[in-house]
Amino acid sequence: MYGWHLKILRVNLTTHKVTTEDVDPKIARDYLGGRGWAIHYLYKEMNPAVDPLSPENMLIFATGPLTATPAPTGNRYMVVTKSPLTGALAHSNSGGEFPTWMKRTGFDLFIFEGRASEPVYVLVNENQVEVRSAAHVWGKDTHETTDILKAETSQEARVACIGPAGENLALMAAIMNDKHRAAARSGVGAVMGSKNLKAVVAMGNKNPPLHDTEGMRAISVETSKNVGADVKKGSNMRIYGTSYVPQVTNTLGILPTRNFLQGTFEHVHNVDGDALKDQYLIRHTPCYRCPLSCGRLTEVPDGPYKGKGEGPEYETISSLGTGCGVSNLAALVKANYLCNEYGMDTITTGMTIAVAMEMYEKGYISEELIGMPLKFGDHDAMIAMIKKMAYNEGFGKDLAMGSYRLAEKYGHPELAVTTRKQEFPGYDPRGSQGMGLLYATSNKGASHMEGDVAYEEVFGVPVKENPHSTEGKPELVKHFQDSFALIDSSGLCVFVAIRYVFDKNRLIWPQTLAAMMNLSTGAGYTPEEVMKAADRVYTLERMFLIKAGSGPEWDVLPYRMLHEPLPDGPAKGMVAELDKMLPEFYEKRGWDEKGYPTKEKLMELGLPIN
Amino acid sequence: MRFCQCELGCEPSVVFDKPRNSNAVRIFVSAYETPAMIGKLPFHTGIVMRAKRVCQSFLPRARIGQMMIRIKMIANYRAVLPPEAKHGVIEIDVPDGTTVYEAISRFDIPLNDESVIVLNGLTVDLNTPLKEGDMVTAFSAIAGG
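For the structure given in this document, a descriptive report is provided here. Everything numeric in this text was worked out from a predicted model, so none of it was measured. (Residues numbered from 1 in each chain as written. Chains lettered and ligands numbered in written order. Predicted model: local features only at pLDDT ≥ 70, side-chain atom pairs only at ≥ 80, totals over all residues. Heavy atoms only, no water.)

## Concerning the sheet that holds strand 6 (residues 89–95) of chain B
Residue and element names in this part refer to chain B. Here four strands make up an open sheet; going across it, the order is 6-5-8-7 and the pairing mixed. The open sheet has two edge strands, strand 6 and strand 7 (115–119), and neither has a second partner. Shown here is a sheet whose adjacent strand axes are inclined to one another by a mean of 25°, direction ignored. The pairing of strand 5 (residues 66–73) with strand 8 (residues 135–140) spans four bridges and is classified as parallel. (Pairing = 2+ DSSP bridges. Helix = DSSP H or I, 4+ residues; strand = E, 2+ residues; numbered from the N terminus. Axes fitted to C-alpha atoms, helices over the stretch in contact; angles between N-to-C directions.)

## Re the pattern of salt bridges
Per the counting criterion, the structure on display carries 37 salt bridges over all chains. Residues E114(B) and K233(A) are paired through a salt bridge, measuring 2.9 Å at the closest nitrogen-oxygen approach. Of this pair, E114(B) sits in the loop between helix 2 (100–104) and strand 7 while K233(A) sits in helix 7 (residues 213–234), which puts the two residues in different chains. For E114(B), a relative accessible area of 31% gives the class partly exposed. The salt bridge partner of K580(A) is E577(A), with a shortest N-O separation of 2.9 Å. (Salt bridge = Lys/Arg side-chain N within 4 Å of Asp/Glu carboxyl O. Buried < 20%, exposed > 50% of the residue type's maximum accessible area, 1.4 Å probe, protein only.)

## With respect to the packing of helix 12 (residues 329–342) of chain A against helix 15 (residues 379–391) of chain A
All names here are of chain A. Where helix 12 meets helix 15, the closest approach of the two axes is 10 Å, and the angle between their N-to-C directions is 5°. Considering the angle they form, helix 12 stands roughly parallel to helix 15. Between helix 12 and helix 15, the residues in contact are A331, K334, A335, L338, C339 and Y342 and H379, M382, I383, I386, K387, A390 and Y391, respectively. Split into classes, the residues belonging to the contact of helix 12 with helix 15 amount to 10 nonpolar, one polar and two charged. (Parallel < 35°, antiparallel > 145°, perpendicular 65-115°, else oblique. Contact = heavy atoms within 4.5 Å. Nonpolar A, V, L, I, M, F, W, Y, C, P; charged D, E, K, R; others polar.)

## Examining the interface of chain B and chain A
Counting from both sides, the interface comprises 28 residues of chain B and, opposite them, 40 residues of chain A. Counting the surface lost from both chain B and chain A, the interface buries some 2700 Å², and carbon and sulfur atoms represent 57% of this. Linking chain B to chain A there are three salt bridges. Note that D274(A) and R78(B) form a salt bridge whose closest N and O atoms lie 3.4 Å from each other. (Buried area = accessible area lost by both parts, 1.4 Å probe.)

## Section: the nonpolar core
Residues and elements named next belong to chain A. Residues I60, I386, Y427 and F459 are the most contacted members of the largest nonpolar core, which totals 169 residues. The greatest single-element share of this core, amounting to 11 residues, is contributed by helix 23 (residues 527–548). Counting residues in hydrophobic clusters, the runner-up holds 28 residues, among them V11, L13, F107 and V188. (Core = buried A, V, L, I, M, F, W, Y, C linked by side-chain atoms within 4.5 Å.)

## Brief notes about the pairing of strand 7 of chain B
Residues and elements named next belong to chain B. The buried count for strand 7 comes to five of five residues, which makes it a mostly enclosed element. Side-chain alternation along strand 7 places S115, I117 and L119 on one buried face and V116 and V118 on a second face that is also buried. Relative to strand 8, strand 7 runs antiparallel, the two sharing five bridges. Within the sheet, the bridge partner assigned to L119 lies in strand 8 and is V136.

## Digging into helix 9 (residues 245–252) of chain A
Of all eight residues that make up helix 9 of chain A, eight are buried, and the element is covered over most of its length. Those residues of helix 9 of chain A not exposed but buried are V245(A), P246(A), Q247(A), V248(A), T249(A), N250(A), T251(A) and L252(A). Contact partners of the buried residues in helix 9 of chain A: helix 11 (314–321) and helix 19 (454–457) of chain A together with strand 5, strand 7 and strand 8 of chain B. In the segment just after helix 9 of chain A, G253(A) is the residue with positive phi, at about 75°.

## Topic: the packing of helix 11 of chain A against helix 12 of chain A
Residues and elements named next belong to chain A. Between helix 11 and helix 12, the least distance of the axes is 10 Å, while the angle of their chain directions is 110°. By the criterion of interaxial angle, the relationship of helix 11 to helix 12 is roughly perpendicular. The residues of helix 12 that touch helix 11, namely those facing T316, I317, L320 and G321, are L332, A335, N336 and C339. Residue composition of the contact of helix 11 with helix 12, by class: five nonpolar, three polar and no charged.

## Some thoughts on the packing of aromatic side chains
Any aromatic ring pair is given by two values, namely how distant the centres are and how the planes are angled relative to each other. Residues and elements named next belong to chain A. The full count for this structure, using the stated rule, is 20 aromatic pairs over all chains. Measuring from ring centre to ring centre gives 5.4 Å for Y342 and Y391, while their planes differ by 80°; the resulting arrangement is edge-to-face. Note that Y342 is positioned in helix 12 and Y391 in helix 15, a separation of 49 residues in sequence. Relative to W591, the ring of Y586 has its centre 6.2 Å away and its plane inclined at 40°; by these criteria the two rings are tilted. (Phe/Tyr/Trp six-rings, centres within 6.5 Å; stacked < 30°, edge-to-face > 60°.)

## Some words on the environment of I8(A)
Residue and element names in this part refer to chain A. Note on placement: I8 falls in strand 1 (residues 7–12). A sequence separation of 101 residues divides I8 from L109, and the C-alpha atoms of the two residues are 4.9 Å apart. Those residues in contact with I8 that sit more than four places away from it in its chain are T19, T20, E21, V23, Y41, F107, L109 and I111.

## A closer look at the sheet that holds strand 7 (residues 120–125) of chain A
Residues and elements named next belong to chain A. Read across the open sheet, the six strands follow the order 8-7-12-9-10-11; overall the sheet is mixed. Strands with a single pairing partner mark the edges of an open sheet, and in this sheet they are strand 8 (128–133) and strand 11 (181–183). Within this sheet the neighbouring strands show an average axis-to-axis angle of 20°, counted without direction. Pairing of strand 9 (residues 158–161) with strand 12 (residues 197–203), which is carried by four bridges, proceeds in the antiparallel orientation. Its bridge partner being in strand 12, C161 is matched across the sheet by A199. Packing of helix 4 (residues 142–152) onto the sheet brings it into contact with strand 7, strand 8, strand 9, strand 10 (175–177) and strand 12, and relative to strand 9 it is tilted by some 140°.

Taken by themselves, the reported measurements are silent on function.
Structural data, given as structure tokens:
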């Protein structure tokens, strides 16, 4: 076989036993790789009802058949586990360099089971696999940990680790790799912390053999040329990264502002891409083999928010920035650095603080409880809260549970803007109806990375859809969910994949991506087959959710989206019209009217019926 | 209607309205919530001065057969705007009846699927005629998020 190693590394942290096993080529083909393989093993081997922070939960790092190949942006991996934040599935994606180095160890998947009795890290250098003590780095932030572990292993190695937030089991804890890149969402870092696993260090030279190396090189050069042509024309993603997006969503009135009390932010100019570029940008920082280079190194050179790091991305601006009503860019950048160093998801962190701010302003929680005033726009209080969350101090203990549990605990669940207990990203579904359907039905709770129909509703890629209309959205959401499952399974990055390896028809179509998969693996996929495999992956994830207790009864949107019309902007007066879309969506997915996959659908996809 | 272009970036939060059959100017502020009228004054130079305290760029403009519209360019498209543009927004006068397409064609951006063009934040037919105070926004369709 090509493209895949067809090898899994399994580490039992309780016993320190390390085993390797082969992957059945049929399973490999049917589940594509990455996210697809991970759900196959998770569903097959683990009871979905387990406590996510117990030793019984499995933590899977998964690369795809295009990871560590010449394919542009073939630098991604997925962290798949049961989420302690949502109780549903977690599958968080990250790029940088670690995923490529991980695949070069000669394994496609790392599976971590059990719980170490003391803090450990795992070194994987091809066949040299060691479970080592991490006592000396426990308590250290992600940057220090990375530096120390590289110094004691090899500068050629790459590190994925947790910071204090993961150690303290904060439910928004991320797994950071290469210091600044995050498999951020759904509390994957808390799962790692619960296993006493501080870090994974990967190195090696086992590039997977490709089915057609020359063909892969040619298609990669062609794709890179297409990206390069857009960059030359002036691609916003190159100039600004995603930080230009606040102006777009503000124009459309769907920029989360003050915990979704508004859809526009009057100080958006202070926190947009131009402000960031003019004041703090140093240079672009691409992931490995990325021709687009949307990452950016920034620095606040002096003052109380002095610091250096990467970001912020749009999702950080819309959560820690506009979501909290914060317009001080230096403080926002600093908050982003802290989240990276403590190892935290900026979306859940920001939106949880935003809920606390609203609760404080409405008098539901007191200054005494919090330890300080916590008004919208108070950037210093926001930074103080981030520290408390990471270290589980005082009111930080409440915040570290995420906004759903926080709002519920203090008697106001209607203020939490979540689905499946996970905070919304930066697109208000009252003014982007397809996103509402996506959030409500996502296998990982609210997430744009689960099938970002904002590409059409907001960005006009490949065509501009009216974001206020519900018509045609069920089919669109289904197609995007499957397309994202495919990209996440392949090992490519969504940013480049959607634009350059899908063909731009009314619905994007994976002609070029299927060709790349074939050049890598020799599996001879048709585009129809890879889409069917993606449907298989998505549907199996849904089965996991049902068994985990996060089934169709959670396909809902929070109170504010359904009952509080947007008060401002172009979407003024609108609410999310989920009811208009959900039945048709279930039908398009081949699920029954209650939202359960039908027996026929499971059989068609070759999935287990029970 | 005149919309605020002040440095606070609160558009369209400060609104001036001079009804045709009246010589008074009403000033609204809608920074956070429902627009609230904060003043109603006779239309003369004094009002302009007072208005400027609320909105620094209030410029009265009255030309027969012309209307003021705003063009907003986002991110890399800002480069096509003249230097007086503020936060990527410029006010221009166009003849009554001008369409979205005609207004945006005055600027050097691709008029194909490489650009997203919206009217007051809404997805519309580009042949839609504009009204006084409308804002046409354009940005490059390079995805983000």
